[in-house]
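As a plain string of letters, each chain reads:
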Amino acid sequence: MADLSAFDITKRWPAKNPDILQLYSLPTPNGVKVSIMLEETGIDYEPHFIDIGKDETWTPEFLSLNPNGKIPAIIDPNGPGDAPVGLFESGAILLYLAEKTGKFLPSDPIARIETIQWVFFQMAAIGPMFGQLGFFHKFAGREYEDKRPRDRYVGESKRLLGVLETRLAGRDWIMGDEYTIADIATLGWVRNLVGFYDAGALVDYDSLKNVPAWLERGLARPAVKRGLEIPARP
């Protein structure tokens, strides 16, 4: 049996099965990237629900694994050289799992780096911009009388959707015929923008053709459906 005692997070969220990957997360657009990837690859894992509403990411135990205080994070007891490894940042975890399993990351060197490029596009642009739009449209920012901050993120989110719309022209997936971690990274954010954030009208989502078709294809995948609900809310 693997010894995870060096990871303080296991003191608050004990591993029932320390021999399999431990996921610390909740079903947010960033969190579901990893749960979808785990479902797609078939890796055995144990999910732990981290309640951000109760500031659980700022507890000493969680911060011991991710000093940035954000979900998701993982411990893989079967890391490189069969040594346990802890990781945070959803994009880094996607790359790690893709390399570990040999799935959803092309082996061709050019296609591989292009896929990573689109993962970074999500991490650097789509996530932060859509998240800010959500804040100013749905959460506390909606009370601000000055709508210039909201409109700034509306415009940028529309532009980014346009980039994605152009990229998906004639393609089923971001990398063409092959479903990759670029899609896994991005699906949850687009779904959240038009669903939970209810910002579809703001960004003229109905004027798009390729992005909605791509999102529908992605959400139809059984592993995506499962991953969107993991970890289950207590």
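Here, every reference points to the structure presented above.
Since this is a predicted model, take the numbers as computed values, not measurements.

Asker: How would you summarise helix H4 (residues 90-101) if you had to cite specific residues and measurements?
Answerer: In a regular helix each residue adds 1.5 Å, so twelve residues correspond to 16 Å; H4 covers 16 Å between its end C-alpha atoms and thus fits that length. What H4 keeps buried is the set Ser-90, Gly-91, Ile-93, Leu-94, Leu-95, Tyr-96, Leu-97 and Ala-98. Residues of H4 that are buried in the fold lie against strand E1 (21-25), helix H2 (31-41), strand E3 (73-76), strand E4 (85-88), helix H5 (109-137) and helix H7 (181-194). The first or second residue beyond H4 is Gly-102, which carries a positive phi of 70°.

Asker: Which residues make up H7, and what values go with them?
Answerer: For H7, the principal kink sits at Leu-187 and spans about 25°. Within H7, twelve of the 14 residues are buried, which leaves it mostly tucked inside the rest of the structure. Those residues of H7 that sit buried are Ile-181, Ala-182, Asp-183, Ile-184, Ala-185, Thr-186, Leu-187, Gly-188, Trp-189, Val-190, Asn-192 and Leu-193. Its buried side turned inward, H7 meets H2, H4, H5, helix H6 (148-167), helix H8 (210-219) and helix H9 (222-227). For H7, the N-terminal cap is Thr-180; the gap from its side-chain oxygen to the backbone nitrogen of Ala-182 is 3.1 Å.

Asker: Describe the pairing of strand E2 (residues 45-49), and please don't skip the residues or the numbers.
Answerer: Most of E2 sits out of view: four of its five residues are buried. Sheet analysis places E1 next to E2, joined by five bridges and oriented parallel. Counterpart to Leu-21 in the pairing with E2 is Tyr-45. Of the crossover connections in this fold, the one passing from E1 over H2 to the parallel E2 is right-handed.

Calculation rules
- Along each chain, residue indices are assigned from 1 in the same order as the chain's sequence is written.
- Selection of residues for local features in this predicted model requires a pLDDT of at least 70, selection of side-chain atom pairs for listing and counting requires 80 or more, and totals for whole chains, interfaces and linings are taken over all residues.
- Side-chain measures here rest on the full set of heavy atoms in the structure, leaving out hydrogens and waters.
- Going along the chain from the N terminus, every DSSP run of H or I of four or more residues is numbered as a helix, and every run of E of two or more is numbered as a strand.
- To estimate the expected span of a helix, count its residues, drop one, and scale the result by 1.5 Å.
- The buried label applies to any residue whose accessible area, calculated with a 1.4 Å probe on protein chains only, is under 20% of its type's maximum; exposed applies above 50%, and partly exposed to all values in between.
- Should any heavy atoms of two residues lie within 4.5 Å, those residues are counted as being in contact.
- The angle between axes fitted to the seven-residue stretch ending at a residue and the seven-residue stretch beginning at it gives the bend at that residue.
- Under this definition, polar contacts are N or O atom pairs within 3.5 Å; protein pairs additionally need one hydrogen-donor-capable and one acceptor-capable atom, and for neighbouring residues in sequence, both atoms have to be side-chain atoms.
- Pairing between strands is defined by DSSP: at least two bridges between the two strands are required.
- A clockwise path from the first strand over the helix to the second, with the strands pointing away from the viewer, defines a right-handed crossover.

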